[in-house]
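Remarks on the overall topology
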Amino acid sequence: MVAKHVIFLGAPGVGKGTQAQRLAQLMDLPHVSTGDMLRASVQSGSEIGLRAAAVMESGALVGDEIIIGIVAERLLLPDAAAGVVFDGFPRTIHQANALDNLVSAHRDQITAVLHINLSDEEIVERLSGRRVCSKCGAIYHIRYHAPAVNEVCDICGGVLLQREDDQPAVIRKRLAVYQAETAPLIAYYHDRPAYHLVSGEGEADEVFSRIVEAVGVVR
């Protein structure tokens, strides 16, 4: 069986995680995020997992070599035989090259690279509008999912707060980092037949319909 993998690209706040989960469910493929892979590898006690655990315990960032090793380990699991939907990987050109090598070694394919595109201003509005209840952790949005009473949780009456990383200035810094470090992946994949530019404008269902059309999956 030839495994058919899907990659999601896009800046923070475009909805990659949500859309990747939905597509994975529709295609009956595992949804694979970098964080989940790291945790699973550490819990497994594998050699690469132990190395990752040591790095994380030291407070350092896990480097490409370990991340690539964990991805290679993940693709050997039985549930990845038909393919996976990657969420948050690859993040760098080096990781993308390594994934190409892994895929070709297994004679698998990257059948879709879905680049969800959204303007920086819309991303800032989406992320900065998020509010979190200080008591129960419920999440709201001042534009898309506002509470009945301004800044008060509908569930427990707790005060709704804006997280520090949802401040507009912080969001713009995150976008700048993305442009510098991750956006070159767009150029890396852009000329491949598998690459699809998908507008992230509108409601989540609208975006998902565009993704399904791009991938050619029947619902």
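See the structure printed just above.
Just so it is clear, the model here is predicted, and its values are computed rather than measured.

The rules behind each value
- Residues numbered from 1 in each chain as written.
- Predicted model: local features only at pLDDT ≥ 70, side-chain atom pairs only at ≥ 80, totals over all residues.
- Heavy atoms only, no water.
- Helix = DSSP H or I, 4+ residues; strand = E, 2+ residues; numbered from the N terminus.
- Expected span 1.5 Å × (residues − 1).
- Buried < 20%, exposed > 50% of the residue type's maximum accessible area, 1.4 Å probe, protein only.
- Arc of directions from axis to C-beta.
- Contact = heavy atoms within 4.5 Å.
- Axes fitted to C-alpha atoms, helices over the stretch in contact; angles between N-to-C directions.
- Parallel < 35°, antiparallel > 145°, perpendicular 65-115°, else oblique.
- Left-handed = near helix turned anticlockwise from the far one by under 90°.

1. What to know about helix α1 (residues 16–27)
- Taking 1.5 Å as the rise per residue, α1 with twelve residues should run 16 Å; its terminal C-alpha atoms sit 16 Å apart, in good agreement.
- What α1 keeps buried is the set Lys-16, Gln-19, Ala-20, Leu-23 and Ala-24. Across the axial projection of α1, the buried residues extend over an arc of 135°, all falling on one side.
- Contacts made by the buried residues of α1 are with β1 (4–9), β2 (31–33), β3 (85–87), β4 (109–117) and α9 (204–215).
- Where α1 ends, the next residue or the one after it, Asp-28, has phi of about 60°, a positive value.

2. Notes on the packing of helix α2 (residues 34–44) against helix α3 (residues 47–57)
- One way to put it is that α2 packs onto α3 with a least axis distance of 7 Å and a crossing angle of 110°. With respect to their mutual orientation, α2 and α3 come out roughly perpendicular. Here α2 runs over α3; the crossing is left-handed. Of the residues in α3, those touching α2 at Leu-38, Ser-41 and Val-42 are Ile-48, Gly-49, Ala-52, Ala-53 and Met-56.

3. Things to note about unusual backbone geometry
- In the segment running from Phe-89 into Pro-90, the intervening peptide bond is cis, with an omega of 0°.
- With respect to the helices and strands, Pro-90 occurs in the loop between β3 and α5 (93–105).
- Phi is positive for Asp-28, which is not a glycine, with a value near 60°.
- If you trace the backbone, Asp-28 turns up in the loop between α1 and β2.

4. A closer look at α3
- By the burial criterion, the buried members of α3 are Ile-48, Gly-49, Ala-52, Ala-53 and Val-55. When α3 is viewed along its axis, its buried side chains cluster within an angular range of 165° and face the same direction. Exposed and oriented more than 90 degrees from the buried face of α3 are Glu-47, Leu-50 and Glu-57.
- Each element contacted by the buried residues of α3 is listed here: α2 and α4 (64–75).
- The positive-phi residue at the C-terminal boundary of α3 is Gly-59, with phi of around 90°.

The quantities given are spatial measurements derived from coordinates; they are silent on function.
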